[in-house]
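Examination of the molecular architecture
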Amino acid sequence: MELGLYTFVENTPDPNSGIKLSPKQRIANLMEEIKLADEVGLDVYAIGEHHREEFIASSPSTLLAAAATITKQIRLSSSVIVLGSEDPVRVFQQFATIDLLSAGRAELMIGRGSFIESFPLFGQDLKDYDAIFSEKLELLLQLREQETITWHGEHRPSIENRSIFPQPLQRPLPLWIAVGGTPESAYRAGALGVPMALAIIGGQPSRFTPFADLHRKGASDHEKEAPKLSINSHGFLAETSQKAKEIAFPPLKNMMDQIGRERGWPPMSYEQFEQSTQLQGANFVGDPQALIDKILYQHELFNHDRFLLQLSVGSIPHADMMRAIELYGTKVAPVVKKELHQVA
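Residues numbered from 1 in each chain as written. Predicted model: local features only at pLDDT ≥ 70, side-chain atom pairs only at ≥ 80, totals over all residues. Heavy atoms only, no water.

Right, let's talk about the packing of aromatic side chains for a bit. Taken as a whole, this structure holds seven aromatic pairs when the rule is applied. Summarising the aromatic geometry, the rings of Tyr270 and Phe273 are spaced 5.6 Å apart at their centres and angled 55° between planes, so their arrangement reads as tilted. Within this pair, Tyr270 and its partner Phe273 are both found in helix 9 (residues 270–276), separated by three residues, close to a single helical turn. Assessed through its relative accessible area of 0%, Phe273 is described here as buried. On the basis of an interplanar angle of 45° and a centroid distance of 4.5 Å, the ring pair of Phe284 and Phe307 is categorised as tilted. You can see Phe284 sitting in strand 11 (residues 284–286) and its partner Phe307 sitting in strand 12 (residues 306–310), a full 23 residues away along the chain. Through a chain of ring-to-ring contacts, the aromatic side chains of Tyr6, Phe8 and Phe55 assemble into a single cluster. Over the ring of Phe284 we find Lys294, and its NZ or CZ is 5.3 Å from the ring centre. (Phe/Tyr/Trp six-rings, centres within 6.5 Å; stacked < 30°, edge-to-face > 60°. Helix = DSSP H or I, 4+ residues; strand = E, 2+ residues; numbered from the N terminus. Buried < 20%, exposed > 50% of the residue type's maximum accessible area, 1.4 Å probe, protein only. Lys NZ or Arg CZ within 6 Å of the ring centre and 35° of its normal.)

Right, dumping it as structure tokens:
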């Protein structure tokens with residue numbers, strides 16, 4: 001199994017001090033975090049797209065390009081690019097460039113997006129939300145297979161026998177489709193033979209097994225080999241589970257309560273948070289052994305190929321973040337891989 005991290009580069013006031021970092025400092029911290037993730041042997045670092053005040057990652061490709069120049073082994077992915085409000089040709093060119101910068105370590109993770117701010121920002125009509133995504137996904141898949149393409153659609157100008165440059169080192173450029181809670185999306189990813197990243201950030205993970213089954217069924221129904229599956233979840237770790245909870249809860253509550261006010265959710269209680277950190281809950285918060293146990297438990301449910309952890313749900317002090325990355329890479333990842341290798 002591959003183990004990695006993902007982030008949206010949150011930059012909110014520290015819940016204890018009230019201090020908010022400058023964008024320059026937050027990005028400098030991010031680069032240190034990615035470099036450490038590479039040094040401790042993690043497999044993937046992914047940066048997602050947001051267009052809100054709380055996040056700095058409006059341009060994941062730019063941040064990943066910077067990361068390509070300071071890392072050696074770690075794979076660099078988006079998580080996600082909101083494809084409906086992007087141009088697939090530009091996305092492909094950007095990630096082909098990152099692939100060249102990184103000597104073949106770039107990946108694309110795309111999705112419809114759980115936030116909609118990018119659509120009015122870039123002049124897209126939300127009534128065509130799924131149709132736009134489907135059409136642009138079709139174009140992106142064609143771009144991965146052919147250097148010179150002809151393509152016609154309804155939501156983007158046609159392309160007539162044009163060559164696309166640069167081409168990536170990896171052929172084809174790796175692509176994942178991120179899925180939240182839509183069964184049709186899971187089946188579609190499988191039918192296309194594309195790996196799926198399944199976001200589980202609340203509830204009981206066992207309830208998400210039908211999505212993994214639909215992904216595999218989509219592939220089987222369309223005579224494709226079973227594509228890879230990633231589980232992406234929130235979490236944090238420290239030397240003790242109590243310390244991990246003390247660090248993680250205040251920023252997590254601040255972030256989730258803010259989003260909750262926009263979407264009509266009730267405020268998060270500590271009791272709910274505590275429950276979510278148990279073995280059968282969605283949040284991976286605890287000491288290294290707690291995370292090892294939970295990753296292995298979920299592997300029994302999903303038999304997945306990759307696990308990505310979002311450590312920064314809300315702003316975490318940089319020193320605590322660096323320690324968490326170190327523990328994840330040196331104490332959690334080696335044990336998980338050893339255990340799963342022995343089972344295999």
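A word on the pattern of salt bridges. According to the stated counting rule, one finds 18 salt bridges in the structure shown. For the salt bridge of Arg26 with Glu33, the shortest nitrogen-to-oxygen distance reads 3.8 Å. Each of the two residues, Arg26 as well as Glu33, counts as buried. One salt bridge in this structure joins Lys35 and Glu39, with 2.6 Å as the shortest N-O distance. Here Glu39 and Lys35 lie together in helix 1 (residues 23–39), a separation of four residues that amounts to about one turn. Given a relative accessible area of 52%, Glu39 falls into the exposed group. Among the charged side chains, a salt-bridge network with shared partners connects Glu2, Arg75, Glu107 and Arg306. (Salt bridge = Lys/Arg side-chain N within 4 Å of Asp/Glu carboxyl O.)

Moving on: the packing of helix 3 (residues 88–101) against helix 5 (residues 129–145). Axis separation between helix 3 and helix 5 bottoms out at 9 Å; the angle between their running directions is 40°. Here helix 3 lies oblique to helix 5, going by the angle between them. Here helix 3 and helix 5 pass one another in a crossing that is right-handed. Within the contact between the two elements, helix 3 uses Pro88, Val89 and Phe92 and helix 5 uses Lys136, Leu139, Leu140, Leu143 and Arg144. Taken together, the residues that form the contact of helix 3 with helix 5 break down as six nonpolar, no polar and two charged. (Axes fitted to C-alpha atoms, helices over the stretch in contact; angles between N-to-C directions. Parallel < 35°, antiparallel > 145°, perpendicular 65-115°, else oblique. Left-handed = near helix turned anticlockwise from the far one by under 90°. Contact = heavy atoms within 4.5 Å. Nonpolar A, V, L, I, M, F, W, Y, C, P; charged D, E, K, R; others polar.)

Now for the environment of Glu138. Locating Glu138 in the fold gives a position in helix 5. Separated by 54 residues in sequence, Glu138 and Leu192 place their C-alpha atoms 9.7 Å apart.

This paragraph deals with the side chain of Thr7. Mapped onto the secondary structure, Thr7 falls in strand 1 (residues 2–7). A residue is classified by how much of its surface remains accessible, and Thr7, at 2% relative accessible area, is buried. Separated by 3.4 Å, the side chains of Thr7 and Glu10 make a polar contact. Setting aside residues no more than four positions away along its own chain, Thr7 makes contact with Arg26, Leu30, Tyr45, Ala46, Ile47, Gly48, Ser79 and Ser312. (Polar contact = N/O pair within 3.5 Å; in protein donor to acceptor, adjacent residues only side chain to side chain.)

A general trend in soluble globular proteins is that nonpolar side chains are found buried together. One finds Ile110 and Leu198 to be the most contacted residues of the largest nonpolar core, which totals 101 residues. Broken down by element, the residue count for this core peaks at nine residues, all from helix 11 (residues 318–343). If we ignore the near neighbours within four places in the chain, the residues touching Ile110 are Val80, Ile81, Leu83, Phe133, Leu137, Leu140, Leu175, Trp176, Ile177 and Ala178. (Core = buried A, V, L, I, M, F, W, Y, C linked by side-chain atoms within 4.5 Å.)

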